[in-house]
Every structure is written in structure tokens, then in C-alpha cells.
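Descriptive analysis of the structure
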Amino acid sequence: MYGTIAKFRVKQGVDKAEFKKKMDSFDSAQIKGWMADYIFQMDADSDEFYLVAVFQDKEAYQANADDPSQHERYLIFRSFLEADPEWNDGEIVSATGPNAK
């Protein structure tokens with residue numbers, strides 16, 4: 001498995017319910033090799049978030065990154081943010097739990 005972890009801040013005054021609704025609407029996208037994504041809102045700072053996106057492999061991740069439809073989704077996502085996210089891509093070397101593959 002392969003994926004990314006992104007750290008980002010939403011703009012001050014953003015309606016977080018609207019942000020969540022918009023992010024959840026992306027779940028209907030048909031993305032080959034995409035397995036899951038999770039967005040964490042930090043307890044210590046409600047404007048700070050982390051996104052974890054999981055793909056079957058690096059090739060599927062890169063194909064999605066190169067897809068113009070993904071760029072359109074990114075522009076919508078980015079419109080809620082103070083600045084570009086801090087992206088950290090890498091191989092998933094361990095996954096545990098009942099739904100981990």
C-alpha cells in the first residue's frame with residue numbers, strides 16, 4: 001500500500017460543517033486503486049487538520065495525482081485552506097486492525 005499524509009489549516013472563519021460536507025462529497029469519485037482516506041481535526045487546534053489517503057500501490061497513487069479530475073477536486077479542497085498542505089508521501093509498511101489489508 002502507498003499513500004500520503006497531509007497537514008493543513010483551514011482558513012479562519014470557514015464553516016467546518018460545510019468543509020466536511022464538501023470533502024465527503026468526493027467519496028463518490030471513481031478512483032482506481034483508492035482504498036480510503038481519513039481527515040483528522042486536531043483537539044488542540046480546531047483549524048489544524050491531517051489528511052491520510054491510502055492507495056493499493058504507488059502506481060495508483062501517482063495515476064490519481066496526474067488525473068485532471070483529481071486536480072479539480074484539489075482546487076475545491078484548497079479553496080478552504082490558508083496555504084498549500086504539507087504533503088508527506090510514502091509506502092505503508094504496517095497496517096493492523098480488522099479492516100487493514
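Right above here is the structure, for reference.
The rules we used
- Residue numbers run consecutively from 1 along every chain, following the written order of its sequence.
- Only residues with pLDDT of at least 70 get local features here, since the model is predicted, and only at 80 or more are side-chain atom pairs given and counted; chain-wide, interface and lining totals rely on the full set of residues.
- Computation of side-chain values covers all heavy atoms of the structure but excludes hydrogens and water.
- Residues grouped as a nonpolar core are buried Ala, Val, Leu, Ile, Met, Phe, Trp, Tyr and Cys residues, joined through side-chain atoms within 4.5 Å.
- Burial here depends on accessible area, computed with a 1.4 Å probe over protein chains only, as a share of the maximum for the residue type. Under 20% is buried, over 50% is exposed, and the range in between is partly exposed.
- Counting from the N terminus, the helices are DSSP H or I runs at least four residues long and the strands are E runs at least two residues long.
- In this analysis the probe radius is 1.4 Å and the grid spacing 1 Å, with only protein atoms considered; a cavity is a set of points the probe fits into but cannot get out of, a pocket is an open set with protein on both sides within 12 Å along at least five of seven lines, and lining residues have an atom within 4 Å of a point.
- Grid points are joined across faces, edges and corners, and a volume is the space filled by probe spheres set on the points.
- Basically, the charged four are Asp, Glu, Lys and Arg, the nonpolar ten are Ala, Val, Leu, Ile, Met, Phe, Trp, Tyr, Cys and Pro, and anything else, Gly included, counts as polar.
- By definition, the arc is the one covered by directions from the helix axis to the C-beta atoms.
- In what follows, residue pairs with any heavy atoms lying within 4.5 Å of each other are defined as contacts.
- N or O atoms closer than or at 3.5 Å make up a polar contact, with two conditions inside protein: a donor-capable atom paired with an acceptor-capable one, and, for residues adjacent in sequence, both atoms drawn from side chains.

Turning next to the nonpolar core. Core analysis: the largest hydrophobic core is formed by twelve residues, namely Ala6, Phe8, Val10, Val14, Phe19, Met23, Phe49, Leu51, Tyr74, Phe77, Phe80 and Leu81. Looking at this core, the elements with two or more residues in it are β1 (2-9), α1 (16-25), β3 (48-55) and α3 (68-78). Judged by nonpolar contacts, the second largest core, of seven residues, contains Tyr2, Ile31, Ala53 and Ala60.

Mapped onto the elements, Ser46 comes out in the loop between β2 (34-41) and β3. Ser46 gets classed as partly exposed once you look at its relative accessible area, which sits at 39%.

Turning next to the layout of surface pockets. Roughly 650 Å³ of volume is contained in the largest pocket. Lining the largest pocket are 24 residues, and of these Leu51, Ala53, Asn64, Gln70 and Trp87 sit closest to its centre. Elements represented by at least two residues in the lining of the largest pocket include exactly α1, β2, β3, α2 (58-65), α3 and β4 (86-91). Looking at the lining of the largest pocket element by element, the count peaks at five residues for α3. Across the lining of the largest pocket, the residue classes tally to 15 nonpolar, four polar and five charged. Within this model, the second largest pocket holds a volume of roughly 300 Å³. In this structure, the second largest pocket is lined by 13 residues; those nearest its centre are Tyr38, Val54, Ala95, Asn99 and Ala100. By residue number, the principal contributor to the lining of the second largest pocket is β2, which donates three residues. Residues that form the lining of the second largest pocket fall into these classes: eight nonpolar, four polar and one charged.

Of the positions making up α3, those classed as buried are Arg73, Tyr74 and Phe77. Down the axis of α3, the sector holding all buried residues measures 105 degrees, keeping them to one side. Facing away from the buried surface of α3 by more than 90 degrees, the exposed residues are Pro68 and Glu72. Close packing links the buried residues of α3 with β1, α1, α2 and β4. Of the residues flanking the start of α3, the one acting as N-cap is Asp67, its side-chain oxygen 2.7 Å from the backbone nitrogen of Ser69.

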